[in-house]
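What the coordinates show
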Amino acid sequence: MNRRALLVSLAATALAGCGFKLREAPKMPFRSLALVGFAPQSPTAEALRQRLATSNVQLLDSPARAEAVLEALVDAREKSVVASTAAGQVREVQLRVRLRFRLATPSGRLLLAADELLLTRDMSYSETAALAKAQEEALLYRAMDDDIVAQVLRRLAAVQAF
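Residues numbered from 1 in each chain as written. Predicted model: local features only at pLDDT ≥ 70, side-chain atom pairs only at ≥ 80, totals over all residues. Heavy atoms only, no water.

**Examining the overall build of the protein**
Across its full length, the protein holds 3 helices and 5 strands. Along the protein, helices and strands appear, N-terminal first, in the series α-β-α-β-β-β-β-α. In the protein, which comprises 162 residues, the proportion classed as buried is 30%. The long-range fraction of contacts in the protein, counting pairs at least 24 apart against all pairs at least 6 apart in sequence, stands at 69%. (Helix = DSSP H or I, 4+ residues; strand = E, 2+ residues; numbered from the N terminus. Buried < 20%, exposed > 50% of the residue type's maximum accessible area, 1.4 Å probe, protein only. Contact = heavy atoms within 4.5 Å.)

Take a look at the structure:
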């Protein structure tokens, strides 16, 4: 029993000594941000709001009062058929999430030039499992939104000219 306690304490000490720590939200160079240009019920905008709520950034509705304005130039979800059978039944679809955005001050000075993020996922499809495939599609879109939000936050945190 004594040996086990010693091994556990050694393992904990080794992890602490290697510099391991959980990933934290990136530190933003501004205290307030306004999101503009997103669709009214945009899942990407909602994911951004949720992630920014846990950081040191206050989300404002008025771009004029914010220190920075994140403008969505394109916020789109796309779905296209990639493969079908000889009978015309869909066998594979491709899901895409596209976000083109820029960051500026309320006066219009660009802090981050227009940038585009595009994620794609291929998904097999079967009409006999349409409900399950709809749920899989929703999960894939949610995962892509989370990935895009993480990339946007990293880009925002890297802004130097503030």
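Once the structure has been displayed, the description carries forward.
**Overview of the sheet that holds strand S5 (residues 110-124)**
An order of S2-S1-S3-S4-S5 is seen for the 5 strands of this open sheet, with the pairing classed as mixed. Only two strands of the sheet have a single neighbouring strand rather than two, namely strand S2 (58-60) and S5. The sheet shows a mean angle of 25° between the axes of neighbouring strands, taken without regard to direction. Across the sheet, helix H3 (residues 130-157) is in contact with strand S1 (32-36), strand S3 (68-84), strand S4 (90-104) and S5; its angle to S5 comes to roughly 155°. (Pairing = 2+ DSSP bridges. Axes fitted to C-alpha atoms, helices over the stretch in contact; angles between N-to-C directions.)

**So, the packing of helix H2 (residues 43-53) against H3**
Two packed helices can be described by the angle between their axes and the distance between those axes. Where H2 meets H3, the axes come as close as 9 Å, and the angle between the chain directions of the two elements is 55°. Classified by the angle their axes make, H2 and H3 are oblique. Crossing of H2 over H3 shows right-handed handedness. On H3, the residues that touch Pro43, Thr44, Ala47, Leu48, Arg51 and Leu52 of H2 are Asp145, Asp146, Ile148, Val149, Ala150, Val152 and Leu153. (Parallel < 35°, antiparallel > 145°, perpendicular 65-115°, else oblique. Left-handed = near helix turned anticlockwise from the far one by under 90°.)

**Digging into H2**
Those residues of H2 lying buried are Thr44, Ala45, Ala47, Leu48 and Leu52. All buried residues of H2 project into a common sector of 160° when viewed along the axis, lining one side. Turned more than 90 degrees away from the buried face of H2 sit Gln50 and Ala53, all of them exposed. At the N-terminal boundary of H2, the capping side chain belongs to serine 42, with an oxygen 3.3 Å from the backbone nitrogen of threonine 44. (Arc of directions from axis to C-beta. Polar contact = N/O pair within 3.5 Å; in protein donor to acceptor, adjacent residues only side chain to side chain.)

**Topic: the nonpolar core**
Grouped together as the largest cluster of nonpolar side chains are 32 residues, with contacts concentrated most on Leu33, Leu48, Leu70, Leu103, Val152 and Leu156. With 7 residues, the single largest contributor to this core is H3. Excluding its chain neighbours within four sequence positions, the residues that come into contact with leucine 33 are Leu52, Val57, Gln58, Leu59, Leu60, Ala66, Ala68, Val69, Leu70, Leu103 and Leu156. (Core = buried A, V, L, I, M, F, W, Y, C linked by side-chain atoms within 4.5 Å.)

**Things to note about the pattern of salt bridges**
Close approach of charged atoms allows side chains with opposite charge to pair. The final tally for this structure, using the stated rule, is 10 salt bridges. Between aspartate 115 and arginine 155 there is a salt bridge, with its nearest N and O atoms 2.7 Å apart. Here the residue aspartate 115 occupies a position in strand S5, and arginine 155 occupies one in helix H3, the gap between them amounting to 40 residues. Taking relative accessible area as the criterion, aspartate 115 reaches 24% and is therefore assigned partly exposed. (Salt bridge = Lys/Arg side-chain N within 4 Å of Asp/Glu carboxyl O.)

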